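So the chains spell out like this:
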There are 2 protein chains.
Amino acid sequence: MTTDEVKLAFDKLGGLLPAVAQDAVSGRVLMLAYMNEEAFRLTLATGEAHYFSRSRQSLWRKGGTSGHVQKVKAVYLDCDADAVLLKVEQVGGAACHTGYESCFYRRWTGGGWETEGTPVFDPEEVYTRG
Amino acid sequence: MTTDEVKLAFDKLGGLLPAVAQDAVSGRVLMLAYMNEEAFRLTLATGEAHYFSRSRQSLWRKGGTSGHVQKVKAVYLDCDADAVLLKVEQVGGAACHTGYESCFYRRWTGGGWETEGTPVFDPEEVYTRG
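Residues numbered from 1 in each chain as written. Chains lettered and ligands numbered in written order. Predicted model: local features only at pLDDT ≥ 70, side-chain atom pairs only at ≥ 80, totals over all residues.

### Here's the deal with the interface of chain B and chain A
Taken together, the contact between chain B and chain A spans 35 residues of the former and 35 residues of the latter. If one sorts the elements of the side of chain B that touches chain A by residue count, strand β6 (residues 70-77) of chain B sits on top with four residues. Here the side of chain B that touches chain A is built from residues that sort into 20 nonpolar, nine polar and six charged. With two bridges joining them, strand β6 (residues 70-77) of chain A and strand β8 (residues 106-108) of chain B adopt antiparallel strand pairing. (Contact = placed C-beta atoms within 7 Å. Helix = DSSP H or I, 4+ residues; strand = E, 2+ residues; numbered from the N terminus. Nonpolar A, V, L, I, M, F, W, Y, C, P; charged D, E, K, R; others polar. Pairing = 2+ DSSP bridges.)

### Thoughts on the relation of the copies chain B and chain A
Two copies of a chain can be linked by a rotation about an axis combined with a shift along that same axis. Each copy superposes on the other: chain B lies on chain A with an RMSD of 0.0 Å after a rotation of 180° and an axial shift of 0.0 Å. On the angle and the small slide along the axis, the relation comes out as a two-fold axis. Identified as the residue of chain B closest to the rotation axis by C-alpha distance is G27 of chain B, at 2.8 Å. (Least-squares fit on C-alpha atoms with pLDDT ≥ 70 in both.)

### Some thoughts on the nonpolar core
Counting 70 residues, the largest nonpolar core has A19, M35 and V84 of chain A together with A19, M35 and V84 of chain B as the members making the most contacts within it. Among residues more than four places away in sequence, those in contact with V84 of chain A are L17, A19, M35, V75, Y76 and L77 of chain A. (Core = buried A, V, L, I, M, F, W, Y, C linked by C-beta atoms within 7 Å. Buried ≥ 20, exposed ≤ 12 C-beta atoms within 10 Å, placed from the backbone.)

### Comments concerning unusual backbone geometry
Residues and elements named next belong to chain B. The backbone of Q57 sits at a positive phi, close to 50°, despite the residue not being glycine. Residue classification places Q57 among the exposed positions, given that 7 C-beta atoms sit within 10 Å. Of note, A81 is a non-glycine position whose phi angle comes to about 55°, a positive value. Here A81 lies in the loop between β6 and β7 (84-90).

### Regarding the confidence of the model for chain A
Per-residue confidence for chain A averages 94 on the pLDDT scale, and 95% of its residues sit at or above 70. Across the whole predicted complex the pTM is 0.94, and at the interface the ipTM reaches 0.94. (pLDDT = per-residue confidence, 0-100.)

### Looking at the environment of L16 of chain B
Residue and element names in this part refer to chain B. Tracing the chain through its elements places L16 in the loop between β1 (3-4) and β2 (17-23). The spacing of L16 and A83 is 67 residues in sequence and 9.3 Å in space, taken between C-alpha atoms. Excluding residues that lie within four positions of it along the chain, L16 makes contacts with F10, Y34, M35, N36 and F52.

### Concerning helix α1 (residues 37-46) of chain B
Working note: α-helix, 3.6 residues per turn, so residues spaced by three or four point in the same direction. All names here are of chain B. Those residues of α1 lying buried are A39, F40 and T43. For α1, the arc enclosing every buried residue in end-on projection is 100°, short of the 170-degree limit, so these residues lie on one face. Facing away from the buried side of α1 by more than 90 degrees, the exposed set consists of E38, R41 and A45. In the core, the buried residues of α1 are packed alongside β2, β3 (29-35), β4 (50-53), β5 (58-61) and β6. Within two residues after α1, G47 carries a phi angle of roughly 75°, on the positive side. (Arc of directions from axis to C-beta.)

The following block contains the structure:
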């Protein structure tokens, strides 16, 4: 085991790195989002996943609205230092804004995409609360 | 369960979608790479993972050089149709060109990145073969 100094390759995607969140217990891949340097730094500093929203062009604390934060159990970096993997505890049991546990809830059937499973929560209820 | 017509959002990253490969049995996240439309189409058509190499700017049949192909067991699409998850059987037992099972072999320790595990193969041997 060695500890290396590594420069993360934020430059490859205009300041962003793709980040995969995986449930630390079940191993299910929950979502893929992007981090800028600030989001990455805040993720390490707070132990909660932060991303950069490309649609809103702003820092995004995952669960800030829904309460469904991701408690970070481990952070991994890939061989090219241009992608990150988070092992997380997903509060609320669902990562997706649609209410599904995983954002990857559609599976290719050969002729189209089939939705697997059922939502854990009702988005209309979660996102209008308070 | 419903089958939907979905248009994949290749436009968000200049013609590319990020694709996560996960071991279908162990659940380990193996790598993150990118697909253009041709790579995606070939992945579905052949049942073997194809990507688009950003460094070489060309189609990349995973394992074409090393023999370490990825047999695709399932393909998932995320909520925004801008990321793909492949569940694969990783031939050769390692996805990473460095010889590690997963490209995500470095873990954040709080003060730096620590390499976890040991390589499954010797890259110098694999990539000079033939």
